[in-house]
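Below are the chains, spelled out letter by letter.
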Amino acid sequence: MHASLYASLPEEIASRLGLEKAYRGRQIFEGLHKRGQDFASMTELPAALREKLTAEVPLFTSSLSDTLRDEDGTIKLRIRLADGASVECVLLEADTGRKTACLSTQAGCAMGCAFCKTGALGFRRNLEASEILEQFYHLARGRGTINNIVFMGMGEPLENLEALRKSLAVFTHPLGPALSPRRMTVSTCGSAPGIISLADEGPAVGIAVSLVSADEEKRKALMPAARRWGLAELKEALLYHQEKTGKRLTLEIVLLKGINDGADDILRLREYARGLDVIVNIIPWNPVEGLDFQEPSEAAVQLYYSRLERSGIPAVRRYRRGRKIGGACGQLGEV
Ligand code: SAH
Ligand code: SF4
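Residues numbered from 1 in each chain as written. Chains lettered and ligands numbered in written order. Predicted model: local features only at pLDDT ≥ 70, side-chain atom pairs only at ≥ 80, totals over all residues. Heavy atoms only, no water.

Colleague: A description of the side chain of Thr105 should follow, citing residues and the corresponding values.
Modeller: Note that Thr105 resides in the loop between β4 (99-102) and β5 (106-108). Apart from residues lying up to four places away in sequence, Thr105 is in contact with Asn126, Leu127, Ile132, Phe151, Met154, Gly155, Glu156, Pro157, Asn160 and Leu164. (Helix = DSSP H or I, 4+ residues; strand = E, 2+ residues; numbered from the N terminus. Contact = heavy atoms within 4.5 Å.)

Encoded structure:
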């Protein structure tokens, strides 16, 4: 038995463990996901089964190697996977007390965005669904209910679609965390085929696209993936997704001083957003050692925001939580 049971659905638990009674699979699933129990605490199971599970099945296959706390309340965990790779995940708490888990889907990332620390590390491997789920449970332990999930940690989620879908099947399962797909957002650097696949086959999670720039040449220079999926192909996929799901999209703009923060950038963005129901998420660039970009000043961010508003494009500024612990967007690292 290698992987933990976290990514197994009730019927899969029953068949993996060779349990004759299907309801035992459901009991174990509920124990793990709803009550956060280890096997020894699942008292509705026969004692012999509890002992067998405790002896033979690892509760977690990953382990917590570091916990960092920012003074703003953000928590970043470094998690060591069974093969020695590491990933990071973050728990953000809003002023209202609502908690959001930011999860990684890959160790490293192959997409190579010039402004991102994870991109600078290169790609190590896709995570298993159980490794995605375990991040959530490492974050949840002793910290109460997590209300939202964003797949915005390390890696490109739509390049690991199978494991992403599997983890979503567990996150939304009524006997498990039972999170509504509306409380989950997948962030992509712009995989048109991945967006189409989500539109066709679901699940109906929110989509955030890291557009960064609506200027093809600028985008290609900053994001190598933009050569694979050009702006026109991406827009087609977004229109398709919108038509099929009726959902509003988020466009993420990592604001880089002097590069994509000008009035002409807004004009292009407005042009690109035509026909799309979008909200723009402005993310002032978070510093990464060794990367040669600059943070926009507070005044530049404000100017960008008000220009967007004047263009009739709804926008929000992403709060800069977790920066002191390297837990903000684009700062996750160490493979
Ligand atoms: N691979 C996916 C999701 C992970 S990146 C994607 O690219 O969308 C999560 C977000 O962080 C993306 O919007 C990305 O553009 C942004 N980002 C990357 N590096 C950043 C940095 N240094 N500062 C601020 N945001 C950054
Ligand atoms: Fe990968 Fe996203 Fe970072 Fe680009 S921004 S390198 S896609 S994690």
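Colleague: Describe the site of ligand 2, and please don't skip the residues or the numbers.
Modeller: Residues in contact with ligand 2, as listed here, are Cys109, Met111, Gly112, Cys113, Cys116, Gly119, Gly155 and Cys189. The class makeup of the residues in the shell around ligand 2 is five nonpolar, three polar and no charged. (Near = heavy atom within 4 Å. Nonpolar A, V, L, I, M, F, W, Y, C, P; charged D, E, K, R; others polar.)

Colleague: How would you summarise the packing of helix α7 (residues 192-201) against helix α10 (residues 231-245) if you had to cite specific residues and measurements?
Modeller: Helix packing for two helices is described by the angle between their axes and how far apart those axes are. With their axes 9 Å apart at the nearest point, α7 and α10 run at an angle of 10 degrees to one another. As summarised for this structure, α7 and α10 are arranged roughly parallel, according to the angle between their axes. Across the interface between the two elements, Ala192, Pro193, Ile195, Ile196, Ala199 and Asp200 from α7 touch Glu233, Leu234, Ala237, Leu238, Tyr240, His241, Lys244 and Thr245 from α10. Here the contact of α7 with α10 is built from residues that sort into nine nonpolar, two polar and three charged. (Axes fitted to C-alpha atoms, helices over the stretch in contact; angles between N-to-C directions. Parallel < 35°, antiparallel > 145°, perpendicular 65-115°, else oblique.)

Colleague: I'd like a rundown of the site of ligand 1, residues and numbers included.
Modeller: Surrounding ligand 1, one finds 19 residues, the nearest of these being Gly155, Ser187, Ser210, Trp285 and Asn286. In the model, an oxygen atom of ligand 1 is placed 3.2 Å from a nitrogen or oxygen of the Glu252 side chain. Trp285 has a polar side-chain atom sitting 3.0 Å from a nitrogen atom of ligand 1. Contact with the protein chains covers 96% of the free accessible surface of ligand 1, which is 530 Å². For the shell around ligand 1, the secondary structure elements donating two or more residues are β8 (184-188), β10 (249-255) and β11 (278-284). (Polar contact = N/O pair within 3.5 Å; in protein donor to acceptor, adjacent residues only side chain to side chain. Areas by Shrake-Rupley, 256 points an atom, 1.4 Å probe, with all protein chains shown as cover.)

Colleague: Describe in detail the packing of aromatic side chains, supporting the description with residues and values.
Modeller: Aromatic ring pairs: the centre-centre distance and the angle between the two ring planes describe each pair. Under the definition given, this model contains six aromatic pairs. When the ring of Tyr6 is compared with that of Tyr137, the centres are 5.0 Å apart and the planes differ by 25 degrees; the resulting orientation is stacked. Of this pair, Tyr6 sits in the segment before α1 (10-16) while Tyr137 sits in helix α5 (residues 129-140), and the two are 131 residues apart along the sequence. There is no split in this pair, since Tyr6 and Tyr137 are both buried. By the ring-pair criterion, three or more aromatic residues cluster together here, those being Tyr6, Phe60, Phe136, Tyr137, Phe151 and Phe171. Lying over the aromatic face of Tyr272, Lys235 brings its terminal NZ or CZ to 5.6 Å of the ring centre. (Phe/Tyr/Trp six-rings, centres within 6.5 Å; stacked < 30°, edge-to-face > 60°. Buried < 20%, exposed > 50% of the residue type's maximum accessible area, 1.4 Å probe, protein only. Lys NZ or Arg CZ within 6 Å of the ring centre and 35° of its normal.)

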